[in-house]
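Coordinate analysis (summary)
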Amino acid sequence: GAVVSQHPSWVICKSGTSVKIECRSLDFQATTMFWYRQFPKQSLMLMATSNEGSKATYEQGVEKDKFLINHASLTLSTLTVTSAHPEDSSFYICSASPPRGLAHEQYFGPGTRLTVT
Amino acid sequence: GDSVTQMEGPVTLSEEAFLTINCTYTATGYPSLFWYVQYPGEGLQLLLKATKADDKGSNKGFEATYRKETTSFHLEKGSVQVSDSAVYFCALSDGGNEKLTFGTGTRLTIIP
């Protein structure tokens, strides 16, 4: 089946620094990738949708200058949390969708746990 | 806006017990409904889906029926196994677009 990887699986950084999280589709081309954020005991919240070669579309309330998303190729999208603060600590999950994929045809990565100290 | 309300966990059952995880939704259009499962250390996987009223999705012994009149999509399994221990998410997609709206997830633990 379709596999999506994330790197790193967990990261600890100091307040004020930036952190980059990678999302890769390993065995298919992903024209669309999604980034979610999950707080403890809460649902996955969609942060942004990225299409290869174009700017990401951010959901309402998500700061695009803080959460930089780049989808430079059909197999890689990156999320950079800039000037991280403790409130950015969360579980970040990406998913990837093949060309003309429907909503359920999203393949999810295992997530990245970010802790900002 | 769209929303999904899911039974809070955690849920702990003995092996071979009957499982129900409740899920209700609110949507403006005619959504498709999904159950995803997340095993420890892995990404979410689609477990089953239903795209219109009265459809029944099924997979791996799990079933859920799209009930428009009660706006529900409850997950059931007649006899659970230890290997079913995971977190289960109910979700919807409204209007055929790519976006998914998730419930909060229910952690299920099956004890031998």
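In what follows, the structure referred to is the one given above.
Residues numbered from 1 in each chain as written. Chains lettered and ligands numbered in written order. Predicted model: local features only at pLDDT ≥ 70, side-chain atom pairs only at ≥ 80, totals over all residues. Heavy atoms only, no water.

1. Focus on the overall build of chain A
For clarity, the cut-off: In this text, helices come from DSSP runs of H or I with a minimum length of four residues, and strands from runs of E with a minimum of two, each type numbered from the N-terminal end. Should any heavy atoms of two residues lie within 4.5 Å, those residues are counted as being in contact. Computed with the Shrake-Rupley method and a 1.4 Å probe, the accessible areas treat only the protein chains shown as cover for residues.
Of regular secondary structure, chain A possesses zero helices and eleven strands. Mapped from its N terminus to its C terminus, chain A presents α and β elements in the order β-β-β-β-β-β-β-β-β-β-β. Based on the C-alpha atoms only, the size of chain A along its principal axes is roughly 40 × 25 × 25 Å. Sequence separation of at least 24 residues holds for 56% of the intrachain contacts in chain A that already meet a minimum separation of 6. With an accessible surface of roughly 5,800 Å², chain A has 53% of that area assigned to carbon and sulfur atoms.

2. A word on the interface of chain B and chain A
Note the threshold: Accessible-area loss on putting two parts together, using a 1.4 Å probe and summing over both, is the definition of buried area adopted here. Here a salt bridge means any side-chain nitrogen of Lys or Arg lying within 4 Å of a carboxyl oxygen belonging to Asp or Glu.
Listed by partner, the interface residues are 18 residues for chain B and 20 residues for chain A. Between chain B and chain A, a total of about 1,500 Å² is buried, with carbon and sulfur atoms accounting for 60% of that surface. Linking chain B with chain A are one salt bridge, by the criterion used here. Notably, a salt bridge pairs E59(A) with K99(B), separated by 3.0 Å at the nearest N-O pair.

3. Some points on the side chain of R37(A)
All names here are of chain A. Our working rule: For every residue, the accessible area (1.4 Å probe, protein chains only) is compared with the maximum for its type, and the residue is labelled buried under 20%, exposed over 50%, or partly exposed between those bounds. In this tally, Asp and Glu contribute negative charge and Lys and Arg positive charge; neither His nor the terminal groups of the chain are included. For this analysis, a polar contact is any N or O atom pair within 3.5 Å, provided that within protein one partner can donate a hydrogen and the other can accept it, and provided that sequence-adjacent residues contribute only side-chain to side-chain pairs.
Inspection of the secondary structure puts R37 in strand β4 (residues 32-38). One buried charged residue, R37, forms no salt bridge at all, with the nearest opposite charge on D88 at 4.4 Å. Separated by 3.4 Å, the side chains of R37 and S90 make a polar contact. Once residues within four sequence positions are removed from consideration, R37 is found in contact with S43, L44, M45, M47, F67, E87, D88, S89, S90, F91 and Y92.

4. Details of the nonpolar core
Defined as follows: In this text, buried Ala, Val, Leu, Ile, Met, Phe, Trp, Tyr and Cys residues form a nonpolar core when linked through side-chain atoms within 4.5 Å.
Core analysis: the biggest nonpolar cluster contains 26 residues, and W35(B), L47(B), L48(B), F73(B), L75(B) and Y88(B) have the highest contact counts within it. Looking at this core, the element that brings in the most residues is strand β10 (residues 86-93) of chain B, giving four residues. Among residues more than four places away in sequence, those in contact with L75(B) are L19(B), T20(B), I21(B), W35(B), L47(B), L48(B), F62(B), E63(B), A64(B) and Y88(B). Membership of the second largest hydrophobic core comes to 23 residues, among which are V4(A), A48(A), A96(A) and L114(A).

5. Section: the state of the cysteines
The condition that has to hold: Cysteine sulfur atoms are paired as a disulfide whenever they fall within 2.5 Å.
This model, assessed by the stated rule, comprises two disulfides over all chains. Note that C23(A) is cross-linked by a disulfide to C94(A), the S-S spacing being 2.0 Å. Negative torsions about the S-S bond denote left-handed disulfides, and the value of about 80° found for C23(A) with C94(A) makes this one right-handed. Here C94(A) lies in strand β9 (residues 90-97) and C23(A) lies in strand β3 (residues 19-25), a separation of 71 residues in the sequence. A relative accessible area of 0% means that C23(A) is categorised as buried. With a relative accessible area of 0%, C94(A) lands in the buried category. With a sulfur-sulfur separation of 1.9 Å, C23(B) is cross-linked through a disulfide to C90(B). Across the S-S bond linking C23(B) and C90(B), the dihedral sits near -70°, which makes this disulfide left-handed. Highlighted residues: C23(B) in strand β4 (residues 23-26) and C90(B) in strand β10, separated in sequence by 67 residues. Of the cysteine sulfurs around C13(A), a residue in no disulfide, the closest is that of C94(A), at 18 Å.

6. A look at the pattern of salt bridges
All names here are of chain B. In this structure the tally under the stated criterion is six salt bridges over all chains. The partner of D55 in a salt bridge is K52, with the nearest N and O atoms 3.3 Å apart. Judged by relative accessible area, which is 21%, D55 ranks as partly exposed. A relative accessible area of 51% places K52 in the exposed class.

7. Examining the side chain of S25(A)
When you line up the elements, S25(A) lands in strand β3. Polar contacts involving the side chain of S25(A) include one to the main-chain carbonyl oxygen of L74(A), which spans 3.5 Å.

8. A look at the sheet that holds strand β1 (residues 4-7) of chain A
Residue and element names in this part refer to chain A. Put simply, the rule is: Only strands joined by at least two bridges in the DSSP assignment are considered to pair. Fitted lines through C-alpha atoms give the axes, limited to the stretch in contact for helices. The angle between two N-to-C directions lies from 0 to 180 degrees.
Across the sheet, four strands lie side by side as β1-β3-β8-β7; this open sheet has antiparallel pairing. Because the sheet does not close on itself, it has two edges, and the strands there are β1 and β7 (67-73). On average, adjacent strands in this sheet sit at an angle of 15° to one another, irrespective of strand direction. Pairing between β3 and strand β8 (residues 76-81): six bridges, direction antiparallel. Pairing of K20 across the sheet is with T80, part of β8.

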